[in-house]
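Listed below are the residues making up each chain.
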Amino acid sequence: MSWTDWVRGLEIEPSIYAADFSRLGEQLEAVMDAGAKIFQFDVGDGHFIEPITIGPIVLQSISPLVHERGGILDCHLMIETPWKHFDAVKKAGGDSVTVHYEVCEDLPGVIGQARELGLGVGVAFNPETNPDDVAEAAGELVDLVLCMSIHPGYSGQAFMPEAIGRIAELATLVDVPIQVDGGVGDDNAAALRDAGASLFVAGNAVFGDPDPAAAYRRLVEALA
């Protein structure tokens, strides 16, 4: 299985980082009942980004639930040495890893390591990074390119409007799905779609709502 099999067209990816961890299984099931299939799992190491977030232990606890419902766990590794953790992510039930362009001097080599484990692979880049550089380095080696529309780290940051132009530029440079992460909501999802994005990571917009399932459905409708 790969991203070609997983993606149904436009996908809202609820970001587990923003969930209520005292009710994590319940919230995941509710959102999956509403139609969610692909979840983003954000790993932060306290170095590449300031906060330490969640890791393989949490991933291992939820992957059986997500997988038995036909779901996918897309792991965004906001860490300095992502390649050191591919094996742990795979064993814990991760389906795909996204690494940051900014930390990978040998991006093709890092991508190859993930492929050897049977993981899907994406490359992410920060707001200060030139889309041209990422497209040139990643080429057709990855399954997706993630354009950050906030500075990676904390959930709940405001969307950076200039990301729309960066996505539009990226869409002229790559032939793989473009993912966007940070401040995605009902008010900007359509504009991001029109710019060229097809994978929309939504944290607070889903799990920050008293009814995450209803919030997920609203985002889907915003893209329709």
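What counts and how
- Residues numbered from 1 in each chain as written.
- Predicted model: local features only at pLDDT ≥ 70, side-chain atom pairs only at ≥ 80, totals over all residues.
- Heavy atoms only, no water.
- Core = buried A, V, L, I, M, F, W, Y, C linked by side-chain atoms within 4.5 Å.
- Buried < 20%, exposed > 50% of the residue type's maximum accessible area, 1.4 Å probe, protein only.
- Helix = DSSP H or I, 4+ residues; strand = E, 2+ residues; numbered from the N terminus.
- Arc of directions from axis to C-beta.
- Contact = heavy atoms within 4.5 Å.
- Polar contact = N/O pair within 3.5 Å; in protein donor to acceptor, adjacent residues only side chain to side chain.
- Pairing = 2+ DSSP bridges.
- Right-handed = clockwise from strand over helix to strand, strands pointing away.

Concerning the nonpolar core
Here is step 1 of the chain: In terms of nonpolar packing, the biggest core is built from 67 residues, with Ile16, Leu28, Phe39 and Val145 touching the most fellow members.
Here is step 2 of the chain: Counting 10 residues, the second largest nonpolar core, distinct from the first, contains Trp3, Ala124, Leu146 and Met148.

Considerations on helix α6 (residues 131–138)
Every α-helix winds through 3.6 residues per turn, so residues three or four apart in the chain are directed the same way.
Here is step 1 of the chain: Of all the positions in α6, only Pro131, Val134, Ala135 and Ala138 are classed as buried. Angular distribution of buried residues about the axis of α6 spans 95°; they occupy a single face of the element.
Here is step 2 of the chain: In this structure, the buried residues of α6 make contact with α5 (107–116), β5 (120–125), β6 (144–148) and α7 (163–171).
Here is step 3 of the chain: Two or three places before Asp132, at the opening of α6, Asn130 has a side-chain oxygen 2.8 Å from that residue's backbone nitrogen.
Here is step 4 of the chain: Of the residues trailing α6, Gly139 is marked for its positive phi of about 50°.

Some words on the pairing of β6
Here is step 1 of the chain: For β6, the tally of buried residues reaches 5 of 5 residues, placing the bulk of the element in the interior.
Here is step 2 of the chain: Residue alternation in β6 divides its side chains into two sets, Leu144, Leu146 and Met148 and Val145 and Cys147, and both sets are buried.
Here is step 3 of the chain: Here 4 bridges tie β5 to β6, and the two strands are oriented parallel to one another. Among the inter-strand pairings, Val123 is bridged to a residue of β6, identified as Val145.
Here is step 4 of the chain: Handedness of the β-α-β unit built from β5, α6 and β6 comes out right-handed.
Here is step 5 of the chain: Pairing of β6 with strand β7 (residues 178–181), which is carried by 4 bridges, proceeds in the parallel orientation. Of the residues in β7, the one forming a bridge with Val145 is Ile178.

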